Every structure is written in C-alpha cells, then in structure tokens.
Amino acid sequence: MVTVGIIGAGRIGKVHTESICNYVRNAKIKTVADPFMNETTEHWLKSMGVENTCKDYHEILNDPEIQAVLICSSTNTHSPISLEAIAAGKHVFCEKPIDHDLTKIKQVVEALKGSGIKYQVGFNRRHDHNFAAVKQAIVDGKVGDVHIIKITSRDPEPPSAEYAAVSGGMFLDMTIHDFDMVRFLAGCDAEEIYVQSAVLVDPAIGEAGDVDTAVITLKMENGAIAVIDNSRRAAYGYDQRAEVFGSKGMVATANDTLSTAVLSNAEGVTGEKPLYFFLERYMQSFATEVKGFIHAIENDTDTLVGVEDGLKPVLMGIAAKKSVEEHRPVKLSEIVY
Ligand SMILES: NC(=O)c1ccc[n+]([C@@H]2O[C@H](COP(=O)([O-])OP(=O)(O)OC[C@H]3O[C@@H](n4cnc5c(N)ncnc54)[C@H](O)[C@@H]3O)[C@@H](O)[C@H]2O)c1
C-alpha cells in the first residue's frame, strides 16, 4: 500500500481523488492540500475516505508517512513544488505541463538524477483504451513501418479569453497532449514543425493573443510524417481520434460514445455524439495512469511517462509558437535551453 498526498483540489485534483478512492486498491490518500480548501470540498473529501485536509502543501511534504504526491495545482506551481517534493524524498506524479519554461523543467530533470525518485507526468491519453490499442498494433508490427500519423483533437467549447491569456496559449495548453501522442505513436521525437493557424471560433481568443484553430505538420526523426488538427470548438462534441498508416496497413480509432446504438428511420441514420469532454471521455485513463505510477513505486520500475516525456511536448509547443510567429517550418534543434 502506498500512502499519497494530493496537492490541489480543483478539477483534476478531484478527478485523481475519485479515481484513487474508487479504482486504485494499493494506494491510500492521507491528505489533500489546497489554499482555497472550503467546507464543501472538505466534506466531499471526507465522504471519499480522505483522512486529512489542509491549506498548506508543506504539511504533506513534511509528513514521513506520505511516500508520494500528486501535484494537481495550477500550472505555475508544478515545477517549484516538484523540486520541493523531490528534496523531501517523495515520489511525484505531476500534472501536465511540468512548466512552460524549459529552464525550470531542466531543474527538475537535474534534481531527479540519482535521486531514486519516481516521477510521472500526467499525459493521460497514452493510457486511454483506444490510443493504447493503436500503440499496441504498431508495437506488434501490424501496420509495418509507420509512414503517416493523423491526430484529430477538437474541444467541444472554447475556454474563456481570460483563461486563453494565462494558459500559455493553445499549443502549450491543449495541443501539448497531441504532441505527446505523436511522440508516443511514432516512438521517437519530432525533427521539424510547421503550423497554419487561425482565429475562427472566438475573436476574443485572438484579442488575448492566442489562436483557436490549427493544422500542424511534423516530420518525425524516424522519417514518418504527422499531422495534428485542432479546433477549440466542434459543434458535435469532443472529437478525439487517431489514425496510423504504415507499410503493412492502417489502424484507426473512432470516438467513444455513450452507446453504439444507431437509429435508422425515414429522416436518416443517426448515432450518439462523442462523449462531451475530458472528464467524461478520459476517466478510465486517469485511473490507469495512477495505477501505473503506484506500480512503478511498488515494483521499482520506470514510470510510463517520465520527466523527458514531460519536457519534449513543451519544446514542441514552443517550436509551434515560433512557426506561427515566423511563418515557417521550425526545427526542434532551433529551440535552445
Ligand atoms: N491531464 C489532463 O487532461 C488535465 C486536465 C485538466 C487539468 N490539467 C492540469 O491540471 C492542473 C490544474 O488544472 P485544473 O483544471 O484542476 O485547475 P483548477 O483551477 O480547477 O484547480 C487548481 C487548484 O490548485 C489549487 N492551488 C493553487 N496553488 C496551490 C498550492 N500552492 N497548493 C495547493 N493547491 C494549490 C487551486 O486553489 C485550485 O483549487 C493544470 O496544470 C492543468 O494543466 C490536466
């Protein structure tokens, strides 16, 4: 049994609390910390079986009984809390992204060297049943050499312009998951990135300095070509699909739906919309990723998504932003840190 503490009780902190309490049998949450801890959250956490709540995460870091922490707080706290947690000897599960600043991520990389600490980054989609099956088909050689990877990733609703302004922009907030997915499916890093982007969904996002629509082409180090298409609003819901085409064949996924029922009548043939957003679509993957983290701690194995996997998509996001600013393909080697 691994005793854990959760830092941050917002949306994703609650997701991880729920999935650990319900599905991760060999982990126990001792304490949840959030500076804005209130009675409602406290009451909910107690009902889930969490022993303690507090406002200051140092209480978790100073607790010798707690072996691991999940950093689920706001993005700007991830790298500083990671460094403190590593210094305190805690294993760390850190939500994405580790930071937007590559120098700060490198400090985490350095701190981990020789520490024996397990560090996992919350790129949950690798653990999704559909994307994991696509990866398995590639690993089993069923599509042969990978030539083309296509990722469709469209949100059902755009974020507020205020959120867009502080989130690091679409590439570092949303596309970062797709950058991770491209690396995961290709089995290697990207060499070059070129972006065509636009503001087609909400002019306020453009006024906040961000984009809401993009097609990104990538040349991967193994020669494969990848394309990611992003929109901040798909009228029909959360569109999350991947296709991998290779020398022997192709593997592709459809969206998850509430049911597979298809109604055929005089008006036409209709089925369910995709599940609404990440809380509906990815719950299984959130539980599976934490199970993997606990397994790595208990069995002293590598985590499935390590610190380098946390760094590379940020590098790709920065290259994507540069491509937009300079209207040209950008080599990853141009991003110096
Ligand atoms: N993997 C995913 O699919 C996924 C999904 C959503 C969010 N996230 C990531 O999780 C992080 C949190 O996102 P969210 O949507 O839960 O945001 P949120 O605003 O709902 O929650 C963040 C919480 O962190 C708390 N917090 C801030 N500083 C803290 C500190 N020093 N100690 C403890 N708690 C602190 C806030 O009070 C808030 O309750 C973001 O970095 C986001 O990128 C990942």
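This report concerns the structure included in the present document. Predicted, not measured: the structure shown is a model, and the values here were computed from it.

Some thoughts on the overall build of the protein chain
In step 1: The secondary structure content of the protein chain amounts to 13 helices and 15 strands.
In step 2: Against the 2.2 N^0.38 benchmark of 20 Å for 337 residues, the protein chain shows a C-alpha radius of gyration of 20 Å, consistent with a compact globule.
In step 3: In terms of overall dimensions, the protein chain has C-alpha extents of about 55 × 55 × 45 Å along its principal axes.
In step 4: Burial status across the protein chain gives 45% buried among its 337 residues.
In step 5: For the protein chain, the share of sequence-separated contacts (at least 6 apart) that also reach a separation of at least 24 residues comes to 71%.

Description of the sheet that holds strand S3 (residues 52-54)
In step 1: Taken together, the 6 strands give an open sheet; going across it, the order is S3-S2-S1-S4-S5-S6, and neighbouring strands pair in parallel fashion. Sheet topology places S3 and strand S6 (119-121) at the edges, where each strand pairs with a single neighbour. Ignoring strand direction, the axes of neighbouring strands in this sheet form an average angle of 20 degrees.
In step 2: Relative to S6, strand S5 (residues 91-94) is paired through 3 bridges, and the arrangement is parallel. When the bridges of S6 are listed, Val92 appears paired with Tyr119.
In step 3: Across the sheet, helix H1 (residues 11-23) lies against strand S1 (2-7), strand S2 (27-33) and strand S4 (68-71), angled at about 155 degrees from S2, the strand it touches most.

Brief notes about the environment of Val109
In step 1: Tracing the chain through its elements places Val109 in helix H5 (residues 102-112).
In step 2: In this structure, the C-alpha to C-alpha distance between Val109 and Leu311, residues 202 residues apart in sequence, is 8.8 Å.
In step 3: The contact partners of Val109, leaving out residues within four places of it in the chain, are Val307 and Leu311.

A look at the site of the ligand
In step 1: Taken together, 22 residues are adjacent to the ligand, and Gly8, Gly10, Arg11, Ile12 and Ser73 come closest.
In step 2: Looking at the shell around the ligand, the element that brings in the most residues is H1, giving 3 residues.

Conventions and cut-offs
Residues numbered from 1 in each chain as written. Predicted model: local features only at pLDDT ≥ 70, side-chain atom pairs only at ≥ 80, totals over all residues. Helix = DSSP H or I, 4+ residues; strand = E, 2+ residues; numbered from the N terminus. Rg over C-alpha atoms; globule rule 2.2 N^0.38 Å. Buried ≥ 20, exposed ≤ 12 C-beta atoms within 10 Å, placed from the backbone. Contact = placed C-beta atoms within 7 Å. Pairing = 2+ DSSP bridges. Axes fitted to C-alpha atoms, helices over the stretch in contact; angles between N-to-C directions. Near = placed C-beta within 6 Å.

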